[in-house]
Amino acid sequence: MGLATLCLFSLAAVGQVLAGQLTVQSPRLSVIGKDASIVRSEPISLAAVNKAAPVHLDSTETLKLAFTVVAKDKDPNVESKNVQPHQTFVRFYEKLSGEEGVVPVRVTQNGKAKFELNLARPPAALPPTPLVQNKTNPLSVSLLLGSYSHSPFKLELFDLYLPPSQPAPEHPDEKTFHPQPEIQHTFRPAEKLPNRVISGVGALLVAGGPWILLLGLLSHITISLPYATSISILPFTLSLAAFEGLLVWYWADLKLGEVLAYGAILGLITAVTGKTALSKRGAWRVQGAQRK
Amino acid sequence: MFLKRAAAFLGLAVAVAAKSSTGDSVLVVLEPSLDRANYSTFFQGLTNKGYDLTFRSPKEASPTIIEDDVAQFSHVVIFAPDSKNLGQDITPQSLVSLLSKGTNLLLALSPKRQTIVNSLAAEFSLILPPPGTPLISHFPERDTPATVVPVSPSSLHPALSANLPPVWFSGVPFAYSPNPLLVPLLNAPAESFAADTTSDAGADAVFESSDKGGEGLWAGSQLSLVAGYQTTSGARATFVGGVELFSDEFAQKEVAIGKKSGNAQFVSDVAAWTFQESLVLRIDEVKHHRVNETEPGETYTINNNVVFTIHVSKFNPTKGAWEPYSGIQDMQLEFTMLDPHIRTALPPVPGSPGEYSVTFRAPDRHGVFKFVVDYKRNGWSHLQSTTVVPIVPPRHDEYPRFLSAAWPYYIGAISTSIGFVLFSALWLAGDDRDAKKKSTKTE
């Protein structure tokens, strides 16, 4: 935008020391097929509204541009003359990726210029046209004419579609300068447990079976427990039950140190009550034997 | 004259102290053929921001840029395009070692001869044309020579002010091979090219330079005129194609009637980026802990849910201070043991400026892992953080317990205990039948 204003104002305000305006005469575009057949040949219009249709080039075809560079004088009565400008470039530009290539065109002293693009021997400056989402993006081709003694000239020629090429080389670290694909860790699946019903049935079998058997057999004999609530026996029975309770508590909740502490206390109690109970049992057995 | 003085004074009075995050001392190596007064806009601008400028000519022995392996200045500016020799202490090796010590460099290339700076530029992936081929452009038509080119800076560049007017440039362009550490600050206009011919008779030479035997044609908007380089040590080096970009003449020159060029603001922005004022980030704090805790664990167990938090600040040059910055939308965290096992986004926490946090599940592989944050973006300083943390398998008592598959075993063991207690109770409480039996037998 700033450059356009500069153009306008400098042309208007400052006296021109440049001797005329560069332009092209009879520019012609042709696409030649592989056996020298003319696929397309047409003149190029200098008016922007008549821009040429896009050119699709494949690897066997050749694109040819021919034109004559003339310098038109400000005075329309003076004839324009053929010149060889300092700068005659064909510029290829891909808007989406910003890739650009500039190829100079040889112009003779008489202003005649010929440019040829053959994909069998492409110019080194030709930008890459990689496949992006299964199609190649067009290159916009323009002509730049610049000179030390004439006003410069720029012309947008056409859009060029080339066959797919390798992408532009990238630095190996380039991908670390952009967000990288996310990585999820695949966890081992949680262990599968068998059906709770099966576990329940198993538990019942384990618990129920022997007990049913035992209680069934016990029912056939008479049990007499005369000493069950005796003061010398009951504490020992209770201590044994407490030991089992401590073990179940250890399994559910306690740590080793705690269970050893509690176990030591309970052990002392059990030793005392056990001594009493077992000596009493022994005494009763001897008594019973003596009575008989 | 009085108005100029008054304007300068006012400028000084309202100047914001845009200081650098790495120090204020600047050494300017200015060759004798360049007059300091011709660059007063640039140097005064630096002084207004709060920098401490020390001037020296290349041949002088002191002050040296590096002494006893210690960098003497925070920033070094070298404007010596015509000097072959820059003094004993300024060599390509010493400039590179300065960069690794964190000193920022602003270097002007020479369009005319092969100086030390030109040969150093090749190490930074910059490809210079042969000596004596400056940038010329016949577009747009103007009354300045073809070597003085107006260039429009990109308005989307994060380091430059928006809507800068075109900038006058005179010097050498350079191509560059793809390198993500290079930050092009000013690209050449599309119609410009480098040439050593000064009349239309040189047209054949321009064409032949692109031929197989020629040196090559430097042309188009892929050329850069001012390019910065962000080194991995944090320091920045900027290569400028010519010194005149900084001159007062170009700063005052008009690009259109009544419209001054953007040179003054542009070189101020370039110096701000180079001297680490703008686009500078740093990590303040890194924290990690299990989900319901606050203290970091010494070790984590597999399958633990871990929270990782990082605090990032950006340097604010107008205040000269670091401020929490939540503007990074694409930071990623990698949880790595040799290779990243997990790579996840690290989003900013809304409501907490500067804090970025993510919760994730530790992999079920044990080993020594690292929380790696490696945030690098073109033009910004790099954020790198590595925190080592061991992941251990569960302890003997951390496995799942009371499983439904083990019910038969539980019931069996409990049933055995009950059986034992019952038997003991029965035995202790029972009658002495043996004696009776014995007695009946003896009868």
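Rules of the game
- Residues numbered from 1 in each chain as written.
- Chains lettered and ligands numbered in written order.
- Predicted model: local features only at pLDDT ≥ 70, side-chain atom pairs only at ≥ 80, totals over all residues.
- Heavy atoms only, no water.
- UniProt positions renumbered as here; feature names shortened; annotations may be inferred.
- Helix = DSSP H or I, 4+ residues; strand = E, 2+ residues; numbered from the N terminus.
- Expected span 1.5 Å × (residues − 1).
- Buried < 20%, exposed > 50% of the residue type's maximum accessible area, 1.4 Å probe, protein only.
- Pairing = 2+ DSSP bridges.
- Axes fitted to C-alpha atoms, helices over the stretch in contact; angles between N-to-C directions.
- Contact = heavy atoms within 4.5 Å.
- Parallel < 35°, antiparallel > 145°, perpendicular 65-115°, else oblique.
- Left-handed = near helix turned anticlockwise from the far one by under 90°.
- Nonpolar A, V, L, I, M, F, W, Y, C, P; charged D, E, K, R; others polar.
- 1 Å grid on protein atoms, 1.4 Å probe; cavity = no way out; pocket = protein on both sides within 12 Å on 5 of 7 lines; lining within 4 Å.
- Points joined across faces, edges and corners; volume = space filled by probe spheres on them.
- Domains from an automatic or database assignment.
- pLDDT = per-residue confidence, 0-100.
- Phe/Tyr/Trp six-rings, centres within 6.5 Å; stacked < 30°, edge-to-face > 60°.
- Lys NZ or Arg CZ within 6 Å of the ring centre and 35° of its normal.
- Buried area = accessible area lost by both parts, 1.4 Å probe.
- Salt bridge = Lys/Arg side-chain N within 4 Å of Asp/Glu carboxyl O.
- Polar contact = N/O pair within 3.5 Å; in protein donor to acceptor, adjacent residues only side chain to side chain.

An unreviewed UniProt entry lists chain B under the name Dolichyl-diphosphooligosaccharide--protein glycosyltransferase subunit WBP1, from Phlebiopsis gigantea. What UniProt records for chain B under Sequence similarities (unreviewed entry) is the sentence "Belongs to the DDOST 48 kDa subunit family." Comment text from UniProt for chain B, heading Subunit (unreviewed entry), reads "Component of the oligosaccharyltransferase (OST) complex."

As annotated in an unreviewed UniProt entry, chain A is Ribophorin II from Phlebiopsis gigantea. UniProt's Pathway (unreviewed entry) comment on chain A is quoted here verbatim: "Protein modification; protein glycosylation." Looking at the Sequence similarities (unreviewed entry) heading of the UniProt record, one finds this comment for chain A: "Belongs to the SWP1 family."

Draft legend 1. Fine view of helix α8 (residues 407-429) of chain B. In this model α8(B) runs 32 Å from its N-terminal to its C-terminal C-alpha over 23 residues, within 8% of the 33 Å that 1.5 Å per residue would give. Listed in full, the buried residues belonging to α8(B) are B:P408, B:Y410, B:G412, B:S415, B:S417, B:V421, B:S424, B:L428 and B:A429.

Draft legend 2. Summary view of the sheet that holds strand β5 (residues 75-79) of chain B. Residue and element names in this part refer to chain B. In spatial order, the strands read β2-β1-β5-β6-β15-β14-β12; together these seven strands make up an open sheet with mixed pairing. Two strands lie at the open edges of the sheet, namely β2 (52-56) and β12 (182-187), each paired on one side alone. When strand polarity is set aside, the average angle formed by the axes of neighbouring strands in this sheet is 15 degrees. In the packing of helix α2 (residues 40-49) onto the sheet, the strands contacted are β1 (25-30), β2, β5 and β6 (104-108), and the crossing angle to β2 comes to about 145 degrees. Where helix α7 (residues 263-274) meets the sheet, its contacts fall on β6, β12, β14 (224-230) and β15 (236-240), and the angle it forms with β15 comes to roughly 150 degrees.

Draft legend 3. A look at the sheet that holds strand β12 (residues 153-161) of chain A. Residue and element names in this part refer to chain A. Taken in spatial order, the five strands make up an open sheet running β3-β12-β11-β6-β7, and their pairing is mixed. The sheet is open, and its two edges are formed by β3 (55-56) and β7 (100-104), each paired on a single side. Here seven bridges tie strand β6 (residues 87-93) to strand β11 (residues 139-146), and the two strands are oriented antiparallel to one another. Residue pairing across strands places V90 opposite L143, the latter belonging to β11.

Draft legend 4. Expanded view of the packing of α2(B) against α7(B). All names here are of chain B. At a minimum axis separation of 10 Å, α2 and α7 run at an interaxial angle of 50 degrees. With respect to α7, the element α2 is oriented oblique. α7 is crossed by α2, and the crossing has right-handed handedness. Judged by residue contacts, T41, F42, L46 and K49 of α2 engage A264, V267, S268, A271 and A272 from α7. In terms of residue class, the contact of α2 with α7 is made up of six nonpolar, two polar and one charged.

Draft legend 5. Spotlight on the side chain of A:T68. Residue and element names in this part refer to chain A. Its location among the elements puts T68 in strand β4 (residues 62-72). For T68, a relative accessible area of 9% translates into the label buried. Residues within four places of T68 in sequence aside, it is in contact with T23, V24, Q25, S26, N82, N110, G111 and K112.

Draft legend 6. Region of interest: the UniProt feature "domain: OST48 N-terminal" (unreviewed entry) in chain B. This chain's UniProt record puts "domain: OST48 N-terminal" (unreviewed entry) on residues 26-274 of chain B. For the annotated span residues 26-274 of chain B, helix accounts for 20% and strand for 24% of the residues, and the straight-line distance between the end C-alpha atoms is 12 Å.

Draft legend 7. Main features of the pairing of strand β26 (residues 383-392) of chain B. All names here are of chain B. The alternating pattern of β26 places L383, S385, T387, V389 and I391 on a buried face, while none of Q384, T386, V388, P390 and V392, on the opposite face, is buried. Pairing analysis gives two bridges linking strand β19 (residues 300-301) to β26, with the strands arranged parallel. For T301, the partnering residue across the bridge sits in β26 and is V392. Pairing analysis gives nine bridges linking strand β25 (residues 367-375) to β26, with the strands arranged antiparallel. In the sheet register, V373 faces β26, and the bridge partner there is S385.

Draft legend 8. Main features of empty space enclosed by the protein. All chains considered together, the criterion is met by two cavities of 30 Å³ or more. In this structure, the largest cavity encloses a volume near 60 Å³. Residue lining of the largest cavity: 13 residues in total, with A:T88, A:V105, A:V107, B:A203 and B:F207 positioned closest to the centre. Taken together, the elements giving at least two residues each to the lining of the largest cavity come down to β6 of chain A together with α5 (203-209) of chain B. A volume near 40 Å³ is recorded for the second largest cavity. Surrounding the second largest cavity, A:V24, A:P27, A:R28, A:I44, A:L65, A:A66, A:F67, A:L143 and A:L157 form its lining. Only β1 (21-32) and β4 of chain A provide two or more residues apiece to the lining of the second largest cavity.

Draft legend 9. Quick look at the domain arrangement of chain A. If you check the domain split of chain A, you get domain 1 (3-166) and domain 2 (224-291). Just the C-alpha atoms count here: the centres of domain 1 of chain A and domain 2 of chain A sit 110 Å apart.

Draft legend 10. The side chain of A:T23, seen in detail. Structurally, A:T23 can be placed in strand β1. Each residue touching A:T23, except ones within four places of it in the same chain, is listed here: A:L46, A:T68, A:V69, A:V70, A:K72, A:L145 and A:F153.

Draft legend 11. Main features of the confidence of the model for chain B. Residue-level pLDDT values for chain B average 89, and 93% of them are 70 or greater. Taken together, the stretch residues 11-15 of chain B has pLDDT below 50 and engages in three contacts with residues farther than four places along the chain or on a different chain.

Draft legend 12. Broad picture of the packing of aromatic side chains. The tally for this structure, following the rule as stated, stands at 22 aromatic pairs over all chains. When the ring of B:F124 is compared with that of B:Y229, the centres are 4.8 Å apart and the planes differ by 85 degrees; the resulting orientation is edge-to-face. One end of the pair, B:F124, is in the loop between α4 (116-121) and β7 (126-127); the other, B:Y229, is in strand β14, with 105 residues separating them in the sequence. We classify B:F124 as buried; its relative accessible area is 7%. Among the aromatic residues, those joined into a cluster by ring pairs are B:Y39, B:F42, B:F43, B:F55, B:F79 and B:F246. Just above the ring of A:Y93 sits the side chain of A:R91; from NZ or CZ to the centre is 4.6 Å. Between the NZ or CZ atom of B:R36 and the centre of the ring of B:F55, over which it lies, the distance is 3.7 Å.

Draft legend 13. Fine view of the confidence of the model for chain A. Per-chain confidence: chain A averages 87 in pLDDT, with 93% of residues scoring 70 or above. When the criterion is pLDDT under 50, residues 4-16 of chain A qualifies, and its contacts beyond four places in sequence or with other chains add up to 16 contacts.

Draft legend 14. Representation of the UniProt feature "transmembrane region" (unreviewed entry) in chain B within the structure. Per the UniProt record, the feature "transmembrane region" (unreviewed entry) sits at residues 407-429 of chain B. This span, residues 407-429 of chain B, is 100% helix and 0% strand, and a straight line between its end C-alpha atoms measures 32 Å.

Draft legend 15. The arrangement of the interface of chain A and chain B in detail. Listed per partner, the contact involves 85 residues of chain A and 89 residues of chain B. Roughly 7600 Å² of surface becomes buried between chain A and chain B when both sides are summed, with 62% attributable to carbon and sulfur atoms. Inspection of the chain A/chain B interface yields four salt bridges. One salt bridge in this structure joins A:R106 and B:E208, with 3.6 Å as the shortest N-O distance. Scanning the region where chain A abuts chain B turns up 26 residue pairs in polar contact (both at pLDDT 80 or more). Looking at the side of chain A that touches chain B, the elements that each hand over two or more residues are α1 (2-13), β6, β7, β11, β12, α2 (196-219), α3 (234-252) and α4 (256-291) of chain A.

Draft legend 16. Structural context of the UniProt feature "domain: Ribophorin II third" (unreviewed entry) in chain A. Here, the residues flagged by UniProt with the feature "domain: Ribophorin II third" (unreviewed entry) are residues 29-121 of chain A. Secondary structure content for residues 29-121 of chain A is 0% helix and 47% strand, and the end C-alpha separation is 19 Å.

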